[in-house]
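Examining the three-dimensional arrangement
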Amino acid sequence: MARPNETNPQDANVAHDAGVAADTLRLIEHTKKLSQLNSRFEVALNNMARGLSMFDADRRLIVCNGLYREIYDLPEELTVPGTPFSKIVAYHSAKEGSANSVDDLKRQQLWIEQHATELRHGKVFTHTQNLKNGRIILVTNQPLEDGGWVDIQEDVTEKTLAQERIAWLARHCPLTEIANRFHFREMLDEEIQRLKPNGSLAVHLIDLDYFKQVNDTLGHAAGDAVLKAVAKRLRTTVRDNDLVGRLGGDEFAIIQTDISGPEQAASLALRLVSVLNAPYRVLGANAGLGASIGVAICPDHGADPDTLLRRADMALYRVKTCGRGSSYIYHPEDEQLVNERIELQADLAEALKKRQLSLHYQPIVDVEAGTVTGCEALMRWQHPKLGMVPPSTFIPIAERSGLILAMGEWALHQACRDAAGWAPSIRVAVNISAVQFDHGDPAAVVEEALAASGLAADRLEVEITESTLLRCETKTLQNLERLRARGVRLVLDDFGTGFASLSYLRNFSFDKIKIDRSFVADMAERRDCMAIVGAVTGLAKTLGIGPVAEGIEDIEQLTGVSIAGCREMQGFYFSRPVPSADVEDAVAQCLTRISEASGKPNAG
Ligand code: C2E
Ligand code: MG
Ligand code: MG
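Residues numbered from 1 in each chain as written. Chains lettered and ligands numbered in written order. Predicted model: local features only at pLDDT ≥ 70, side-chain atom pairs only at ≥ 80, totals over all residues. Heavy atoms only, no water.

Once that is clear, we can look at the packing of helix H7 (residues 211–218) against helix H8 (residues 220–237). Axis separation between H7 and H8 bottoms out at 6 Å; the angle between their running directions is 140°. For the element pair H7 / H8, the angle class is oblique. Contacts between H7 and H8 involve Phe211, Val214, Asn215 and Leu218 from the first element and His220, Ala222, Gly223, Val226 and Leu227 from the second. (Axes fitted to C-alpha atoms, helices over the stretch in contact; angles between N-to-C directions. Helix = DSSP H or I, 4+ residues; strand = E, 2+ residues; numbered from the N terminus. Parallel < 35°, antiparallel > 145°, perpendicular 65-115°, else oblique. Contact = heavy atoms within 4.5 Å.)

Given below as structure tokens:
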């Protein structure tokens with residue numbers, strides 16, 4: 001038996017074996033855990049939404065994930081641990097086509113050195129790579145304590161494109177793809193700063209004429225197509241270094257850089273007017289537009305964007321008030337003109353409140369029947385300082401400012417009230433502006449005026465001009481239908497001055513058409529005017545519409561119009577427009593004139 005303190009060698013062996021077994025087990029356990037950890041790490045690595053690679057202090061690859069391989073399209077052999085960073089960079093550069101020359105390679109080497117220096121200083125740094133395939137990659141380099149680093153690649157293509165789009169949209173009109181008002185002003189500012197000591201530039205403000213009509217008659221899709229076509233025409237008409245913008249609605253602008261003088265600006269403006277005037281073919285339809293252009297020159301008319309734009313706008317305003325479809329260069333006098341208009345607008349608002357507006361009436365006669373059929377209400381403004389202001393001055397101001405809505409409403413009420421006191425055989429005609437159809441509810445106003453005055457609906461005539469009809473908006477047509485249904489008579493005024501073709505007469509039945517006085521005025525000298533009066537009269541009669549000739553000033557015109565077959569007339573020859581109180585006298589005077597003309601005694 002062994003002594004207690006003596007170890008049996010056999011036992012010692014067994015104990016040793018047990019220890020080794022336990023160690024082995026622990027090792028196996030450890031290895032298992034490690035491999036479990038490794039495969040978890042592998043799974044995590046390859047499921048990251050970003051590319052990742054890790055390099056050691058010797059700039060050799062330790063590990064990388066699938067996305068890293070994919071982003072740089074790396075072959076298997078360049079992703080094994082130990083691959084030098086320089087080899088990966090060289091492969092990538094060759095693929096991207098940026099390693100074609102010695103210079104390229106030098107640049108590459110330099111980049112690797114800079115990269116290493118940044119990392120040595122322990123800095124986290126980022127840079128963006130634009131790959132040949134269009135993807136944009138944001139790379140973040142994170143230094144590690146042992147001198148190596150981690151590279152993280154994020155695909156920011158979508159994000160960058162969205163940001164670029166937002167930035168682009170903030171400065172451009174998406175429809176026409178040209179600069180918007182904000183960017184145009186910004187570019188103008190830059191161009192002004194860039195001007196050489198004796199250099200100059202021109203700002204052209206372009207307003208499309210009749211765009212609203214195109215939009216209304218052909219629809220918004222056609223309107224959009226026209227705007228695109230306009231932008232394209234502008235871009236192709238100007239030089240490469242000139243700049244084009246859309247300031248809003250149908251307003252465009254151009255910066256004509258580096259001009260030698262105003263003649264050069266005037267010549268471009270003229271060219272633009274004619275280019276924009278050419279017909280447009282959109283969505284299978286023809287559209288006609290015109291353009292009005294106001295020009296201001298830097299430094300002559302201003303040295304900052306706001307002054308230049310404001311003055312070009314004044315020039316544009318001038319073009320629009322003196323007949324559209326042309327161009328005009330700012331002149332200091334315009335400032336006064338515009339200020340006068342602004343003042344006049346304020347005065348007009350006052351006049352409306354203070355009842356300084358009145359209606360005068362001009363009789364309309366039937367020469368054959370020897371009667372006065374009606375009187376046209378014509379607005380008058382007695383200005384406290386300026387005296388009588390003509391409607392051709394104040395009606396456009398009222399239309400632009402919207403005052404025409406209240407003025408028109410007042411005129412309808414007043415005219416119905418006045419006419420209710422006349423002989424029942426005499427009608428009253430009231431002019432209604434296009435703006436009232438666009439922004440008001442003339443049918444409802446007429447209804448109120450008739451109800452308030454007690455005038456029979458068939459004694460009221462509503463005069464609208466061709467351009468009102470041309471807008472052809474559903475709203476206008478609905479209003480006209482309502483008026484017709486109510487029994488009010490509809491008159492087409494100034495026929496022959498606008499664009500309305502004869503087809504309009506077929507599409508919408510008027511009770512009367514008024515042949516514009518310009519045809520009557522020119523009848524003596526121009527045979528074609530006589531022919532036009534005759535043709536319109538004949539056509540109107542065929543369609544069952546009564547023709548009226550405006551502007552009869554003498555007996556010759558009266559005779560000419562009679563020969564042309566038109567029996568209803570209006571003009572200074574019979575009577576000038578008179579205040580309501582004098583209507584009776586004016587009617588009597590008309591009857592005298594008719595009988596004088598026909599050599600017969602006065603019928604009434
Ligand atoms: P209109 O509706 O065509 O009115 C006829 C115009 O011709 C009137 O000018 C009238 O005075 C003028 N006139 C009449 N007979 C003769 C003539 O023998 N010779 C000449 N040379 N002219 C003649 P007025 O009153 O200056 O009005 C001009 C225009 O202003 C009107 O043309 C009409 O479009 C507009 N207007 C006048 N009153 C109103 C109104 O209450 N509302 C609206 N919306 N427009 C109005
Ligand atoms: Mg009229
Ligand atoms: Mg007229």
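Our focus in this paragraph is the site of ligand 1. Lining the immediate surroundings of ligand 1 are 20 residues, of which Arg380, Asp493, Arg517, Glu553 and Phe572 lie closest. Here an oxygen atom of ligand 1 sits 2.9 Å away from a polar atom, N or O, in the side chain of asparagine 431. Contributing elements (two or more residues each) for the shell around ligand 1: strand S14 (371–383), helix H12 (391–401) and strand S18 (489–495). The class makeup of the residues in the shell around ligand 1 is seven nonpolar, five polar and eight charged. (Near = heavy atom within 4 Å. Polar contact = N/O pair within 3.5 Å; in protein donor to acceptor, adjacent residues only side chain to side chain. Nonpolar A, V, L, I, M, F, W, Y, C, P; charged D, E, K, R; others polar.)

This paragraph deals with helix H11 (residues 332–353). Along its 22 residues, H11 runs 33 Å from first to last C-alpha, staying within 8% of the 32 Å computed at 1.5 Å per residue. All of the buried residues in H11 are Asp334, Glu335, Val338, Leu344, Leu348 and Ala351. Close packing links the buried residues of H11 with helix H10 (305–321), strand S12 (327–329), strand S13 (357–366), S14, H12 and helix H13 (404–419). Looking one or two residues beyond H11, the residue adopting positive phi is arginine 355, at roughly 55°. (Expected span 1.5 Å × (residues − 1). Buried < 20%, exposed > 50% of the residue type's maximum accessible area, 1.4 Å probe, protein only.)

In this structure, the second largest pocket encloses a volume near 500 Å³. If you go around the second largest pocket, you meet 22 residues; those closest to its centre are Val89, His92, Ser93, Trp111 and Gln129. When contributions to the lining of the second largest pocket are tallied by element, the ones reaching two or more residues are helix H2 (66–72), helix H3 (85–96), helix H4 (102–120), strand S3 (125–130), strand S4 (136–143) and strand S5 (149–155). Top element by residues in the lining of the second largest pocket is H3. It accounts for six residues. The residue makeup of the lining of the second largest pocket, split by class, is eight nonpolar, ten polar and four charged. (1 Å grid on protein atoms, 1.4 Å probe; cavity = no way out; pocket = protein on both sides within 12 Å on 5 of 7 lines; lining within 4 Å. Points joined across faces, edges and corners; volume = space filled by probe spheres on them.)

What follows covers the coordination of the magnesium ion (ligand 3). Distances from the magnesium ion (ligand 3) to its protein donors, Asp493 (OD), Asp494 (OD), Glu550 (OE) and Glu550 (OE), fall within 2.0 to 2.6 Å. Separating the magnesium ion (ligand 3) from the magnesium ion (ligand 2) is a gap of 4.0 Å, which aspartate 493 spans by donating to each of them. Of this pair, aspartate 493 sits in strand S18 while glutamate 550 sits in the loop between strand S20 (546–549) and helix H21 (555–563), placing them 57 residues apart in sequence. The class of aspartate 493 is buried, set by a relative accessible area of 5%. Taking relative accessible area as the criterion, glutamate 550 reaches 10% and is therefore assigned buried. (Donors = N, O, S within 2.8 Å, 3.2 Å for Na, K, Ca; no water.)

Taken together, five strands build an open sheet; the order of strands is S2-S1-S5-S4-S3 and the sheet is antiparallel. With one partner strand each, in any of the chains shown, strand S2 (61–64) and S3 form the two edges of the open sheet. For this sheet the average axis-to-axis angle between neighbouring strands, irrespective of direction, equals 20°. Where S3 lies against S4, six bridges are found, and the strand directions are antiparallel. Each bridged residue has a counterpart across the sheet, and for phenylalanine 125 the counterpart in S4 is asparagine 141. (Pairing = 2+ DSSP bridges.)

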